[in-house]
Amino acid sequence: MNTQSGPSLHSCLRQRWTHNGLNVYNLTIVIPHDFDIFLTHLDMPREAARGMNARNAFALLRASDALSCATLRKLAVQYIEMLWPSALHPCANPLFVTYVSTTHVEDSITVLTLARQYDIPGVLKAAYYHLLCTRSFWDRIYGPRKGTLGLPDADVTRLQDAQLQLGQAWACLLNSHPRKAPLCPKCQHDDSAADAWGRDVADWFDKDPDDYIGAVDDVVRLIEELRLERNWCDGCLDERVSVWKAAKELWWTGLDVSLQTDR
Ligand SMILES: [Zn+2]
């Protein structure tokens, strides 16, 4: 164990007494549950690793940091970064949907707090985005039991701004037909391009998705299905697929600005 004594630990170690000839220390800087998890990782590292989950990792981080144990602190940070990966990208990470559907709102809120307190900035975006696209989070923010769930007002404002911007971008793109469409001689639709695109694509999404970025895949799938109907030419459909895929990248990158995770 690497025990580099920090100031808080040092002050605790000075408050000691003896019992049966042994030194006894009053570690007020660590809560009992966190200390219990810490000891389990010291005594039975393999068993503890098998039972690792987000909340145990939070406890291990708090205890190992307070006790200046760099080895277990690193382990806790690695586990939290694995669950809220900085490299999380809905375009490239096949685990994205699983991540969004299995992570608890309360845990992502805790991660936002711990990320700042213990300087783990890489997990911020994943935690923010999980909250942004989880309906139960917004139900708690706006619902009868209205409250911020312990989040600072600034975080709630960032999430509201990011959701608003994504919603506007989504609505704008959903109602945009292929650029070539009004004049395209290869496309065959009886009504205007805007009406035809609305009927074939936009009208299928009468409700905004919770996960705007993830829902891009649904739009692309629908556009691909239109190839079978031959109302739109391949060139026009290719153009829309390309625009939507680019938007997915752009929206994900743009979140760094609205959520302020690029600092
Ligand atoms: Zn066309």
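Residues numbered from 1 in each chain as written. Predicted model: local features only at pLDDT ≥ 70, side-chain atom pairs only at ≥ 80, totals over all residues.

- The name an unreviewed UniProt entry assigns to the protein chain is BTB domain-containing protein, from the organism Lentinus brumalis.

### What to know about the overall build of the protein chain
Stage number 1. Scanning the protein chain for helices and strands turns up 13 helices and two strands.
Stage number 2. Taken over 263 residues, the protein chain has a buried fraction of 27%.
Stage number 3. Looking at the protein chain alone, contacts between residues at least 24 apart form 65% of all its contacts between residues at least 6 apart. (Helix = DSSP H or I, 4+ residues; strand = E, 2+ residues; numbered from the N terminus. Buried ≥ 20, exposed ≤ 12 C-beta atoms within 10 Å, placed from the backbone. Contact = placed C-beta atoms within 7 Å.)

### Observations concerning the nonpolar core
Stage number 1. Grouped together as the largest cluster of nonpolar side chains are 51 residues, with contacts concentrated most on Leu-60, Ile-80 and Ala-127.
Stage number 2. Among the elements of the structure, helix H2 (32-43), helix H4 (54-66), helix H5 (70-83), helix H7 (105-117), helix H8 (124-132), helix H10 (153-174), helix H12 (212-225) and helix H13 (234-258) are those that each provide at least two residues to this core.
Stage number 3. Two domains each provide a minimum of three residues to this core, namely domain 1 (1-83) and domain 2 (164-256).
Stage number 4. Apart from the residues within four sequence positions on either side, Ala-127 is in contact with Trp-84, Ser-108, Val-111, Leu-112 and Ala-115. (Core = buried A, V, L, I, M, F, W, Y, C linked by C-beta atoms within 7 Å. Domains from an automatic or database assignment.)

### Some points on the pairing of strand S2 (residues 22-25)
Stage number 1. Pairing of strand S1 (residues 16-19) with S2 involves four bridges; the strand directions are antiparallel. Following the sheet pairing, Trp-17 is matched in S2 by Val-24.
Stage number 2. Hairpin geometry of S1 and S2 is characterised by an intervening segment of two residues between the two adjacent antiparallel strands and by a positive phi of about 50° at Asn-20. (Pairing = 2+ DSSP bridges.)

### With respect to the packing of H8 against H10
Stage number 1. Close contact between H8 and H10 brings their axes to 10 Å; oriented N to C, the two are set at 65°. Here H10 runs roughly perpendicular to H8, going by the angle between their axes. When the axes of H8 and H10 are compared, the crossing they make is right-handed. Seen from H8, the contacting residues are Tyr-128, Leu-131 and Leu-132; seen from H10, they are Leu-159, Ala-162 and Gln-163.
Stage number 2. Its residues assigned to classes, the contact of H8 with H10 comprises five nonpolar, one polar and no charged. (Axes fitted to C-alpha atoms, helices over the stretch in contact; angles between N-to-C directions. Parallel < 35°, antiparallel > 145°, perpendicular 65-115°, else oblique. Left-handed = near helix turned anticlockwise from the far one by under 90°. Nonpolar A, V, L, I, M, F, W, Y, C, P; charged D, E, K, R; others polar.)

### Here's the deal with unusual backbone geometry
Stage number 1. At Asp-119, a position not held by glycine, the phi torsion is positive, near 55°.
Stage number 2. Its location among the elements puts Asp-119 in the loop between H7 and H8.

### As for H8
Along an α-helix, residues three or four apart share an orientation, since each turn contains 3.6 residues.
Stage number 1. The buried fraction of H8 is high, at nine of nine residues.
Stage number 2. Turning to H8, its buried residues are Leu-124, Lys-125, Ala-126, Ala-127, Tyr-128, Tyr-129, His-130, Leu-131 and Leu-132.

### Re the packing of H7 against H8
Stage number 1. At their nearest, the axes of H7 and H8 sit 9 Å apart, and the two run at 150° to each other. In the crossing of H7 with H8, the sense of the turn from one axis to the other is left-handed. Between H7, through Val-105, Ser-108, Val-111, Leu-112 and Ala-115, and H8, the contact on the second element is made entirely by Leu-124, Ala-127, His-130 and Leu-131.
Stage number 2. Here the contact of H7 with H8 is composed, by residue class, of seven nonpolar, two polar and no charged.

### Here's the deal with the confidence of the model for the protein chain
Stage number 1. Residues of the protein chain with pLDDT of at least 70 account for 86%, and the chain-wide mean is 85.
Stage number 2. Averaged pLDDT values over the elements of the protein chain bottom out at 61 in helix H6 (residues 96-102) and peak at 95 in H10.
Stage number 3. A low-confidence stretch, residues 1-7 stays under pLDDT 50, and its non-local contacts, those more than four residues away or across chains, total 13 contacts. (pLDDT = per-residue confidence, 0-100.)

### Some points on the environment of Ala-66
Stage number 1. Along the polypeptide, Ala-66 turns up in helix H4.
Stage number 2. The spatial distance from the C-alpha of Ala-66 to the C-alpha of Leu-27 is 9.4 Å, given a sequence separation of 39 residues.

### So, the environment of Pro-45
Stage number 1. Along the chain, Pro-45 falls in helix H3 (residues 45-50).
Stage number 2. The exposure class of Pro-45 is partly exposed, given the 13 C-beta atoms found within 10 Å.

### A look at H4
Stage number 1. Between its first and last C-alpha, H4 extends 18 Å over 13 residues, near the 18 Å set by a 1.5 Å rise per residue.
Stage number 2. Along H4, eleven of the 13 residues are buried, which leaves the element largely enclosed by surrounding structure.
Stage number 3. Looking one or two residues past H4, Ser-68 carries a phi angle of roughly 55°, positive in sign. (Expected span 1.5 Å × (residues − 1).)

### Comments concerning the environment of Ser-64
Stage number 1. Along the polypeptide, Ser-64 turns up in helix H4.
Stage number 2. Assessed through the 27 C-beta atoms surrounding it within 10 Å, Ser-64 is described here as buried.
Stage number 3. In this structure the C-alpha to C-alpha distance between Ser-64 and Phe-38, which are 26 residues apart in sequence, comes to 6.8 Å.
Stage number 4. When sequence neighbours within four positions are dropped, the list of residues in contact with Ser-64 reads Phe-38, Cys-69, Leu-72, Arg-73 and Ala-76.

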